[in-house]
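Fold and geometry: a report
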Amino acid sequence: MTLLMYCGHHKCATRWLVDILSDACRLADLEFFEAHNAGMFGRDLATFLAQRPVGLLAYTNARHEFIDPIDDYRGFHVIRDPRDLLVSAYFSHLHSHPTDGWSALEQHRQRLKDGSEEEGLNLELDFIEDVFSALARWNYQRPQMLELKMEDLVRDSYEGLIEVFLHLGLVDPEEVSLAEELQRIAARAKAAVEPPRTTPTPTRRLQRVELLHVIHSHRFSKKAGGRHVGQEDSRSHYRRGEAGDWRNHFTPSLAARFNERYGKLLLDLGYERDEGWLRTIGTA
């Protein structure tokens, strides 16, 4: 069976997407596995997958060198404006990200607490260097991989995620009425309480109403305790949910340092056409 795959990066809506994918796989009777570091698959993803029946892999700190040896897969990859990624990582590492088993983050968090916001953002620029490296080295021309920007995906999550699930082959492409979809769901619910069959249940496609329900159950306002996009809680994992927030935190000196190291990455990823964005710092 063709492996289905989600590839993401730290602070690129990974938790939101993992929660949605996990729920969807449960409905589709599909084996789900999340890996957030290479140690979870012995630093040999191809061998790990050959030995374990994974239907959908969520690789949330994706590195190209572990993906390259895999041939038979279909997936999607989500990136984010590196400037927003930096700001989001700073607040997450300062307040909300778990430190269990991550001693480096415990030490980093203390340094962030001891400094100003600008000092912390500069420290963060070094701390998450591997994330920027992974974005820069990624192969964006894989025909099996749907390339998406987080900003587009969260702007219209229903439309965007239907596209994702159609690409993965996990949602029924057939347009049917709501009543018919509800009848199909009721029939499957009835079948689920019957005695188990001796033959394996094949992976099934979801109906769109099921997928929409899953997406709705993980909407930002619910994750954020009732806040809406743009309403900030700096201590929450779901802090703000709004693209372009970097403009509220970048100083001219931070922007210059960021541009020196990752200005080309902004251009390569299509977030800027030139260095004109530097002249907008502090003008809002």
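What comes next is a walk through the structure. (Residues numbered from 1 in each chain as written. Predicted model: local features only at pLDDT ≥ 70, side-chain atom pairs only at ≥ 80, totals over all residues. Heavy atoms only, no water.)

For the rest of this paragraph, the subject is the side chain of H77. Structurally, H77 is set in strand 4 (residues 73-79). Of note is the side chain of H77, whose polar atom sits 2.7 Å from the side chain of H9. For H77, the residues in contact, after removing those within four places along its chain, are C7, H9, W138, Y140, M145, L146, E147 and L148. (Helix = DSSP H or I, 4+ residues; strand = E, 2+ residues; numbered from the N terminus. Polar contact = N/O pair within 3.5 Å; in protein donor to acceptor, adjacent residues only side chain to side chain. Contact = heavy atoms within 4.5 Å.)

Here we take up the sheet that holds strand 5 (residues 145-149). With parallel pairing, five strands are arranged side by side in an open sheet as 2-3-1-4-5. Either end of the sheet is taken by a strand with one partner, and the two such strands are strand 2 (32-35) and strand 5. Each strand of the sheet is rotated relative to its neighbour by a mean of 15°, with strand direction disregarded. Where strand 2 and strand 3 (residues 56-59) come together, four bridges link them in parallel fashion. Residue pairing for strand 3: F33 is matched across the bridge by L57. Relative to strand 2, helix 1 (residues 14-27) is tilted by about 160°, and along the sheet it contacts strand 1 (3-7), strand 2, strand 3 and strand 4. (Pairing = 2+ DSSP bridges. Axes fitted to C-alpha atoms, helices over the stretch in contact; angles between N-to-C directions.)

Turning next to empty space enclosed by the protein. Going through the model one piece at a time under the given rule, you end up with one cavity of 30 Å³ or more. In this structure, the largest cavity encloses a volume near 30 Å³. Lining the largest cavity are A62, R63, H64, E65, S133, A134 and R137. Elements represented by at least two residues in the lining of the largest cavity include exactly helix 3 (64-67) and helix 7 (129-137). Among the elements that make up the lining of the largest cavity, the one with the highest residue count is helix 7 (three residues). In terms of residue class, the lining of the largest cavity is built from two nonpolar, two polar and three charged. (1 Å grid on protein atoms, 1.4 Å probe; cavity = no way out; pocket = protein on both sides within 12 Å on 5 of 7 lines; lining within 4 Å. Points joined across faces, edges and corners; volume = space filled by probe spheres on them. Nonpolar A, V, L, I, M, F, W, Y, C, P; charged D, E, K, R; others polar.)

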